[in-house]
Amino acid sequence: MSAASELHITLAGTPRAVAATTTAGQALEADGRTVIAALVNGEPRDLAWELSDGDAVEPIAIDSDEGRAILRHSTAHVLAQAVQELFPEAKLGIGPPVENGFYYDFDVAEPFTPADLKSIEKKMQQIIKQGQRFDRRVVSDDDARAELATEPYKLELIGLKGGAAEAAEGASAEVGAGELTIYDNIHSRTGELCWKDLCRGPHIPTTKAIPAFKLMRTAAAYWRGKETNPQLQRVYGTAWENKDALKEYLAFLEEAEKRDHRKLGSELDLFSIPDEIGSGLAVFHPRGGVIRRVMEDYSRKRHEESGYEFVYSPHATKSALFEKSGHLDWYADGMYPPMQLDGGQDYYLKPMNCPMHNLIFDARGRSYRELPLRMFEFGTVYRYEKSGVVHGLTRARGFTQDDAHIYCTREQMADELDSLLTFVLELLRDYGLEDFYLELSTKDPEKYVGDDASWDEATDTLRRAAEKQGLELVLDPGGAAFYGPKISVQAKDAIGRTWQMSTIQLDFNLPERFDLEYTAADGTRQRPVMIHRALFGSIERFFAVLLEHYAGAFPAWLAPVQAVGIPIADEHVPYLQEVAAKLRAEGIRVEVDASDDRMQKKIRNAQKQKVPFMLLAGDEDISKNAVSFRYRDGSQNNGVPVDEAVAEIVAAVRERRP
RNA sequence: GCCAGCGUAGCUCAAUUGGCAGAGCAAUCGCCUUGUAAGCGAUAGGUUAGGGGUUCAAGUCCCCUCGCUGGCUCCA
C-alpha cells in the first residue's frame, strides 16, 4: 500500500495507519448497534463521516450519555417522520433529546389524541423496521430555504443559525454554529428518499439501530419557549439502548409514582389540600403535623445554636411596605390581589418576609458590634401562583419559609457565607439527604442593580465559599435575580431525582431601598450587606421531598408513630400498655393497637403506616418480661427484655438513626 | 394563564357504550381470642364535581363553571 492511499489517524488514543477510503465507522469496525457514532477530533460525527489524515477517532457507545442523546435525537426524527406521514399538514418545530428521552414539536390543526399517539407509535415501528439510513448532506442557506419552503418554523431556525440558536431552547440540535446540514432518510432496500429534516446531527446509522422506545405523552409547548409565541403540540418519548434499560426506566417512573407525596400524604393521613380552602393551600393532619413540628423543632434548635435570633412578623401589610421594597413593581403578578380596608387603604398578603425583617433592623440605630445580625423566622407567605403550576406541597399558594436574613459588613461576608454553607449542608444531612451539588447563579447582564465591582466581589465570594465545600459546582450564568447573585443547594433523593433545596442570595437592592445603616467603629454610617437564605426553602416542599425520599418510611425520629404495641390476644393489652407508658416517659410516640382486629391484621396495618418499631407481646414474652420486635423491613428480634427494647428505641430516636 | 386528559361512596375501581348506580378496602355494630402483612357476619355510606341542554330515558351525548392530572411559561 502506498503512502498516498493511507491515512494516519489516532484511534481512541492509539496511532494507526488505515486505508484512505476509511469512514469513522470502518475505522472503528463499528457494528452500528453498540457503537453508533464517533468523536472525530472531539466533534460528534456519524459513523459514515469520512476521515482525513491526522484525525483522532473515538467510539460513541449507544449506552453512554452521548450515545443515548444521539439515539434519542434520532428517535425524535423517526417520530417526526411518522407524524408527517400520518398528518401531512403537520409543520415541524424542533426535536431535541432531553433527560431520559426526547420530544418533537408540531404545528397541527387538531391536538393529538391518545389514539393518535398509538398510531404514531405503530408508524414509528414500521419506519424502524425499514432500516432507513440517515444520510448527511451539507446545504447552503438558500438551498435549505428552498427545500424547506413549507416548514415555516425551520425557516425561522435557519435565520437564527449561530448564537441565537444556542439561546433558543433545544434549537441548537437543528442548526449549529457552522454550516447547515439536512439529513435524508433513505430506505434500505429501495433506496428511496423517505423523509428529510434540517439537522446538525449526528445520527445513528439506520433506524434499525433503535432498540427500544416508547411514546410517553403529548403536551402543548410554546414555540421557542416564549409565552407570547403560538403553542405547538409536543410529543414526548423515551428511547434506550436495549429493552431492559427501557423497562428499568419505566419501573423507575412507577416507583416515583408510588412515592408521590400527594399519594403518600393521603395514604398515611399526613395532609390534604381541601377544595373548600382552595388550590395550593394545605392543611396538615395530626400525623403530618407531628412530622412537621419535629422538623421545625430541630431546625429551631440548630439555628439557636448557630447564633440566629428569632423574630415574628404579620401575614399582611399596607401596600406602602411593598412599594418601598419594590415588590409591587416587579412581583405584583405573584401576589394575591389587595384587600381594601380603612377607607381605601390597600393591604397585601406578604409574598416574602424580607421587607418585614428590614423594618426590624431599622427599628433602631444599629452598631457594627451587633453584626452579623441574623434574624430567623418560620414565615408564612402567600403567592398567587398561576393555576396551572400549583402542585401538591411542592408548589403551593401558601407556604412557610424557614427564612432568615443576615445583615453583616462587607468584610464579614466571606466568613459568613462559609459558615452558612457548612451549616446548611450539615442540617440537610441531619435530615437524611446525602448527595448534593451547588449551583451558582450569576448576573444577568441585561437586568441588574448595583455596580459591577460589588457583583464581582460577591460572586467571587460565593464561588470561593462553594468551592471550599468540595462539592460539584454548576454554573447558571445569568440566572441571578436582578438584586444579587445566589447559590442554591441541589439535593439528590433516594431514587436519584434532584430537588432545589436551600438558596443563599446576596442582595444589593433592599439595603439601598430601605436605606439600612449601621454605625461603624469610626463613627461613620455604613450600608450593611444583606443575605437572604432559606434552608428548607419551604417547609411544605421540604416535607414533600423527605416524604418522597423516604417513600413515607421516615426515620424513627421523624416518624409520626414511632412504635406500636401489638398484642397477640386482647388479654395482652394491659402488659403492652405498661411497656408503652415506659416509652412515653422517654418521649417516644407510641400507640397500643387494642382494636378487635387479629394480630396479623394489626401487623399489616402498622406495616402500611410504616411504623419503625412493632412491639409484639403474648404469653411467652410476658413470662420473660420481654417483648418481640418486628421492624419495618420485616426482620424480627424476639424475646427482648423490656428495658433493652426501650433503650433501643430511645437510642434510635435520639441519634436520629436512619 | 395556555393546551390536552380526567372527575362515580373516605380510598381504589365497576356499571353491556343511552336502559333499575355496584364491589373491595376503610367506617360502625356484633361474633371469634388468635405468635409476625388481610378471621367471619351485618349495617351505614351517592343530587355520579356543580349548573344547563338533547332524549321516553343521561354516570354515559352536547354546552358552561369549578377542581385535579400531565406538560408549556413561571418558581420556594
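Residues numbered from 1 in each chain as written. Chains lettered and ligands numbered in written order. Predicted model: local features only at pLDDT ≥ 70, side-chain atom pairs only at ≥ 80, totals over all residues.

This brings us to the overall build of chain A. What chain A contains, in helices and strands, is 20 helices and 33 strands. Principal axes of the C-alpha set define a box for chain A whose edges measure 90 × 75 × 55 Å. Residues classed as buried in chain A amount to 38% of the 658 residues present. Sequence separation of at least 24 residues holds for 67% of the intrachain contacts in chain A that already meet a minimum separation of 6. (Helix = DSSP H or I, 4+ residues; strand = E, 2+ residues; numbered from the N terminus. Buried ≥ 20, exposed ≤ 12 C-beta atoms within 10 Å, placed from the backbone. Contact = placed C-beta atoms within 7 Å.)

Per-residue confidence for chain A gives a mean pLDDT of 90; residues scoring 70 or more make up 97%. In the predicted complex, the global pTM is 0.91; the interface-specific ipTM is 0.92. (pLDDT = per-residue confidence, 0-100.)

Moving on, we get to the pairing of strand E32 (residues 626-631). In terms of strand pairing, strand E31 (residues 613-617) meets E32 through four bridges, oriented antiparallel. Its bridge partner lying in E32, Phe-613 is registered against Tyr-631. Relative to strand E33 (residues 636-641), E32 is paired through four bridges, and the arrangement is antiparallel. Within E33, the residue paired with Arg-630 across the bridge is Gln-636. Counting the residues in the hairpin turn of E32 and E33 gives four residues, including Gly-634, whose phi is positive at 95 degrees. (Pairing = 2+ DSSP bridges.)

Moving on, we get to the domain arrangement of chain A. Note on interface size: it is often stated as the accessible area lost on association of the parts. Here the domain parsing of chain A yields domain 1 (3-61), domain 2 (65-254), domain 3 (266-315 + 350-549) and domain 4 (563-654). Just the C-alpha atoms count here: the centres of domain 3 and domain 4 sit 41 Å apart. (Domains from an automatic or database assignment.)

Strand-to-strand pairing in sheets goes through backbone hydrogen bonds, with the strands running parallel or antiparallel. Taken in spatial order, the three strands make up an open sheet running E9-E10-E11, and their pairing is antiparallel. The two strands at the open ends of the sheet, each matched to only one other strand, are strand E9 (133-139) and strand E11 (193-198). Adjacent strand axes in the sheet meet at a mean angle of 25 degrees, parallel and antiparallel pairs treated alike. Sheet topology note: the strand E10 (residues 180-186)/E11 ladder contains five bridges and is antiparallel. Opposite Ile-186, over in E11, you have Leu-193 as the bridge partner. (Axes fitted to C-alpha atoms, helices over the stretch in contact; angles between N-to-C directions.)

Right, let's get into the sheet that holds strand E16 (residues 309-310). Taken in spatial order, the eight strands of this open sheet run E16-E20-E21-E28-E25-E24-E22-E23, and their pairing is mixed. Whereas interior strands pair on both sides, the edge strands pair on one side only; in this sheet they are E16 and strand E23 (473-476). Pairing geometry for strand E21 (residues 398-408) and strand E28 (residues 529-534), over six bridges, is antiparallel. Bridge pairing in E28 places Ile-406 opposite Ile-531.

Our focus in this paragraph is the nonpolar core. Counting 92 residues, the largest nonpolar core has Phe-543 and Leu-615 as the members making the most contacts within it. Shared between two domains, this core holds at least three residues of each, these being domain 3 (266-315 + 350-549) and domain 4 (563-654). In this view, Leu-615 contacts Ala-563, Gly-565, Ile-566, Leu-576, Val-579, Val-627, Phe-629 and Ala-645; residues no more than four positions away in its chain are not counted. Core analysis: the second largest hydrophobic core is formed by 51 residues, Ala-24, Leu-79, Val-83 and Phe-213 among them. (Core = buried A, V, L, I, M, F, W, Y, C linked by C-beta atoms within 7 Å.)

With that settled, the discussion passes to the protein's contact with RNA strand B. The environment of RNA strand B is made up of 57 residues, and the closest members are Ala-219, Ser-387, Gly-388, Gly-537 and Gly-618. Class assignment of the residues belonging to the surface near RNA strand B gives a composition of 14 nonpolar, 20 polar and 23 charged. (Near = placed C-beta within 6 Å. Nonpolar A, V, L, I, M, F, W, Y, C, P; charged D, E, K, R; others polar.)

Turning next to helix H17 (residues 573-585). Taking 1.5 Å per residue, 13 residues should reach 18 Å; H17 reaches 18 Å between its end C-alpha atoms and fits that length. Within H17 the residues assigned to the buried category are Tyr-575, Leu-576, Val-579 and Leu-583. The buried residues of H17 occupy an angular sector of 95 degrees when projected down its axis, which confines them to one face. Opposite its buried face, H17 presents the exposed residues Pro-574, Glu-578, Ala-581 and Ala-585, each directed more than 90 degrees away. Where H17 is buried, its residues touch strand E29 (563-567), strand E30 (590-592), E31, helix H19 (619-623), E32 and helix H20 (642-654). (Expected span 1.5 Å × (residues − 1). Arc of directions from axis to C-beta.)

For the rest of this paragraph, the subject is the environment of Leu-268. Take Leu-268: it is sitting in the loop between helix H8 (261-267) and strand E14 (271-272). A C-alpha to C-alpha distance of 9.6 Å links Leu-268 and Pro-560, two positions 292 residues apart in sequence. If we ignore the near neighbours within four places in the chain, the residues touching Leu-268 are Arg-287, Gly-552 and Gln-609.

Our next topic: helix H13 (residues 413-430). Taking 1.5 Å as the rise per residue, H13 with 18 residues should run 26 Å; its terminal C-alpha atoms sit 25 Å apart, in good agreement. Within H13, the full set of buried residues consists of Met-413, Glu-416, Leu-417, Leu-420, Leu-421, Val-424, Leu-425 and Leu-427. The buried residues of H13 occupy one face: seen down the axis, they fall within an arc of 160 degrees. Those residues of H13 that are exposed and aimed more than 90 degrees away from the buried face are Glu-426 and Arg-429. Just downstream of H13, Gly-432 is the residue with a positive phi angle, here 100 degrees.

Now for the packing of H17 against H20. Put simply, H17 and H20 touch, their axes get as near as 10 Å, and they point 40 degrees apart. Regarding the angle of H17 to H20, the classification is oblique. As H17 packs across H20, the resulting crossing turns out to be right-handed. The segment H17 lies against H20, with Val-579, Lys-582 and Leu-583 engaging Val-642, Val-646 and Ile-649. Here the residues of the contact of H17 with H20 are counted per class, giving five nonpolar, no polar and one charged. (Parallel < 35°, antiparallel > 145°, perpendicular 65-115°, else oblique. Left-handed = near helix turned anticlockwise from the far one by under 90°.)

What follows concerns the environment of Glu-89. Take Glu-89: it is sitting in the loop between helix H2 (65-86) and strand E6 (91-92). Discounting chain neighbours no more than four positions away, the residues touching Glu-89 are Val-108 and Ala-109.

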